[in-house]
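Tertiary structure, described
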Amino acid sequence: DGGITQSPKYLFRKEGQNVTLSCEQNLNHDAMYWYRQDPGQGLRLIYYSQIVNDFQKGDIAEGYSVSREKKESFPLTVTSAQKNPTAFYLCASSNQGIPDTQYFGPGTRLTVL
Amino acid sequence: KQEVTQIPAALSVPEGENLVLNCSFTDSAIYNLQWFRQDPGKGLTSLLLIQSSQREQTSGRLNASLDKSSGRSTLYIAASQPGDSATYLCAPQGAAGNKLTFGGGTRVLVKP
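Residues numbered from 1 in each chain as written. Chains lettered and ligands numbered in written order. Predicted model: local features only at pLDDT ≥ 70, side-chain atom pairs only at ≥ 80, totals over all residues. Heavy atoms only, no water.

Things to note about the pattern of salt bridges
Residue and element names in this part refer to chain A. Put simply, the test is: One side-chain nitrogen of Lys or Arg within 4 Å of one carboxyl oxygen of Asp or Glu is enough to make a salt bridge. The buried label applies to any residue whose accessible area, calculated with a 1.4 Å probe on protein chains only, is under 20% of its type's maximum; exposed applies above 50%, and partly exposed to all values in between.
Per the stated rule, a full pass over the model turns up five salt bridges over all chains. Its salt-bridge partner being R36, residue D38 comes within 3.0 Å of it at the nearest N-O pair. Using a relative accessible area of 4% as the deciding quantity, one classes R36 as buried. The salt bridge partner of D38 is R44, with a shortest N-O separation of 2.7 Å. One salt-bridge network, held together by shared partners, links R36, D38 and R44.

Okay, here's the thing in structure tokens:
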């Protein structure tokens, strides 16, 4: 059963804490992406990785960090420097080399208390 | 920088009516354009992908057109059903880095 999994589904964070969101895929995709979605809005790109051990900033990378040590995994850390982290976070993956559709995970809703 | 606009932001129709969702984008240098569906609190599901060389793409009751030169795409949903109620997002894919730029979406409600 191939796909993308994200955990946890809901996450609560106190101000000043760092939290890490998990994203795993078994589609053998080279490229992975992290997006943020605010209520009633489209998705904005945070970070993306086209290959293991390499990643690039997207449009709103400030206050976030990522790693790509394995092809299957692309965790996102929301740091205390992110001023307004409450949002819905979506991870996606795609084939690399040819333009291809992106496949999305079910998302993680992060709330800052 | 690519900017994507979707009009209308929300749409409510009775069951059986055809739906027309519009998407406009500012940079015509794209590889393709994708339409996604999002149910409340869920991830995105890919509906259609139109290559930049294509004019339209069809899947069942869904048909999407692309006019790259004028920066427009339209998603048509024929004979709408209550199960079509969702938010529909369009996203042109840029020539560099395979990056998608999303519009704000059109929230559709099909009333029985």
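Brief notes about the sheet that holds strand β10 (residues 106-111) of chain B
Residue and element names in this part refer to chain B. Inclusion rule: A pair of strands is labelled paired if DSSP reports no fewer than 2 bridges between them. Helix and strand labels come from DSSP, where a helix needs a run of H or I of at least four residues and a strand needs a run of E of at least two; each type is numbered from the N terminus. The angle between two axes is taken between their N-to-C directions and runs from 0 to 180 degrees, where each axis is a line fitted to C-alpha atoms and a helix contributes only its stretch in contact.
Strand order across the open sheet formed by five strands is β2-β10-β9-β4-β5, with mixed pairing between neighbours. Only two strands of the sheet have a single neighbouring strand rather than two, namely β2 (10-14) and β5 (44-51). Geometrically, the sheet is characterised by an average inter-axis angle of 25° between neighbouring strands, direction not taken into account. Note: strand β4 (residues 30-38) against strand β9 (residues 86-94), eight bridges, orientation antiparallel. Bridge pairing in β9 places F36 opposite L89.

Considering the nonpolar core
This is how it is decided: Throughout, nonpolar core names a set of buried Ala, Val, Leu, Ile, Met, Phe, Trp, Tyr and Cys residues whose side chains join them through atoms within 4.5 Å. In what follows, a contact means two residues having at least one pair of non-hydrogen atoms within 4.5 Å.
In terms of nonpolar packing, the biggest core is built from 21 residues, with L33, W35, L75 and Y88 of chain B touching the most fellow members. Elements with a minimum of two residues in this core: β3 (19-25), β4, β5, β7 (62-67), β8 (72-77), β9 and β10 of chain B. No other element matches the four residues that β3 of chain B contributes to this core. When near neighbours in sequence (up to four residues on either side) are disregarded, L75 of chain B contacts L19, V20, L21, W35, L47, L48, L62, N63, A64 and Y88 of chain B. Listed in part, the 20 residues of the second largest apolar core include L21, M32, Y47 and Y89 of chain A.

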